[in-house]
Amino acid sequence: MASPGSAALQGPRPTWRLYLELTKPKVVALIVFTAIVGTLLASPGLPPLDALLWGNLGIALAASSAAAINHVLDQKIDEQMSRTRGRPLPRGTLNTVQALVFAGALAGASMLVLWLLVNPLTAVLTFLSLIGYAVIYTVWLKRATSQNIVIGGAAGAAPPVLGWAAVTNSIDPNALLLFLIIFVWTPPHFWALAIARRDEYARAGIPMLPVTHGVPYTRLQVLLYTILLVLVTFMPFLTGMSGLIYLAVALVLNALFLYYALALQLTGAEHLPMKVFRFSIQYLMWIFAALLVDHYVPTTQLLVGAP
């Protein structure tokens with residue numbers, strides 16, 4: 001399999017693929033998935049179709065816009081990192097003006113969809129999240145402090161709240177619990193990647209935790225945040241938001257995450273940071289999928305086989 005950095009050696013890509021790449025589709029897919037879960041959990045049954053469809057379309061457009069802005073603001077950094085130097089702007093296959101026009105069109109479409117077809121609260125919250133990630137995190141926090149991903153994680157944790165607000169036109173405590181799960185998940189997820197890419201971040205002058213405080217300290221923080229994540233992910237069951245299906249899945253996933261975090265802390269094996277990073281993505285997907293299954297499949301139905 002070709003490495004990300006080898007993209008620069010490949011042939012030209014179709015223009016639509018270049019614009020699609022600006023949106024970071026894999027990242028946006030995870031964002032939209034958590035937003036859809038928030039939308040579905042907000043209703044006892046199926047949510048209104050307009051909230052489900054237009055709400056998540058608007059969220060997806062905003063997330064894509066934020067990703068494109070991030071490409072523009074980080075293009076000098078991307079040129080210095082092997083995993084990102086094959087992106088459209090460092091390669092010169094798209095220019096800054098094209099990327100900004102594209103990002104602006106996505107942002108404008110997002111706000112129109114959410115304001116006119118969903119509700120103003122969702123539009124405002126989505127806009128604040130876009131600014132939080134694309135501007136506050138990328139322009140300031142990322143370059144200012146080793147706690148950048150902790151503070152900036154609030155923007156990335158917002159999608160379930162946005163999806164919930166699309167249905168209820170309110171900020172619900174259960175939606176904030178979903179926010180908390182992603183917020184606490186973000187540091188161990190991203191710091192594992194930062195350990196693996198620490199030399200590249202150092203060359204680019206980005207004060208990621210393993211650059212400023214060293215790898216052993218970062219490994220310890222990954223473990224501590226994973227323990228905190230375990231506690232937080234039990235809260236949906238403890239508050240009655242979810243039931244035994246979710247609890248069973250959370251127990252297994254948390255045991256695996258703790259195993260990887262402990263192995264990273266105790267052995268420091270070079271292959272483990274990327275393994276932790278990749279597993280953390282699967283972890284979040286399955287935690288939210290478990291919440292969704294638990295919401296629609298009553299535990300009593302599984303236990304007694306009732307129709």
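Up top is the structure.
In what follows, the accompanying structure is described. (Residues numbered from 1 in each chain as written. Predicted model: local features only at pLDDT ≥ 70, side-chain atom pairs only at ≥ 80, totals over all residues. Heavy atoms only, no water.)

1. Regarding the side chain of K24
- Take K24: it is sitting in the loop between α1 (15-22) and α2 (25-41).
- Buried charge without a partner: K24 forms no salt bridge, and the closest opposite charge is D74, 5.8 Å away.
- Dropping the residues within four chain positions of it, K24 is found in contact with A67, N70, H71, R87 and Y133. (Helix = DSSP H or I, 4+ residues; strand = E, 2+ residues; numbered from the N terminus. Buried < 20%, exposed > 50% of the residue type's maximum accessible area, 1.4 Å probe, protein only. Lys, Arg positive; Asp, Glu negative; His and termini not counted. Salt bridge = Lys/Arg side-chain N within 4 Å of Asp/Glu carboxyl O. Contact = heavy atoms within 4.5 Å.)

2. Points about unusual backbone geometry
- Even without a glycine there, the phi angle at K24 is positive, about 50 degrees.
- The phi dihedral of N169 is positive, around 55 degrees, even though this residue is not glycine.
- Turning to its location among the elements, N169 is positioned in the loop between α9 (159-168) and α10 (173-196).

3. Re the side chain of D294
- When you line up the elements, D294 lands in helix α16 (residues 272-296).
- It turns out D294 is buried and unbridged, and the closest side chain with the opposite charge, K275, is 29 Å from it.
- Polar contacts involving the side chain of D294 include one to the main-chain amide nitrogen of I245, which spans 3.2 Å.
- Excluding residues within four positions of it along the chain, D294 makes contact with S242, G243, L244, I245 and Y246. (Polar contact = N/O pair within 3.5 Å; in protein donor to acceptor, adjacent residues only side chain to side chain.)

4. Describing the packing of aromatic side chains
- All chains considered together, the criterion is met by nine aromatic pairs.
- For the pair Y260 and F279, a centre-to-centre distance of 5.1 Å together with 50 degrees between the ring planes defines the contact as tilted. A residue pair is termed long-range when its members are at least 10 positions apart, and Y260 in helix α15 (residues 244-267) and F279 in helix α16 qualify at 19 residues.
- We classify F279 as buried; its relative accessible area is 14%.
- Their ring planes at 55 degrees and their centres at 6.2 Å tell us that F279 and Y283 sit as a pair that is tilted. Of this pair, F279 and Y283 are both found in helix α16, four residues apart, which corresponds to roughly one turn of the helix. Residues F279 and Y283 agree in their burial class; the two are buried.
- Clustering of aromatic rings is evident, with ring pairs tying together F257, Y259, Y260, F279 and Y283.
- Above the plane of the ring of W16 lies R17, whose end atom (NZ or CZ) is 5.6 Å from the centre. (Phe/Tyr/Trp six-rings, centres within 6.5 Å; stacked < 30°, edge-to-face > 60°. Lys NZ or Arg CZ within 6 Å of the ring centre and 35° of its normal.)

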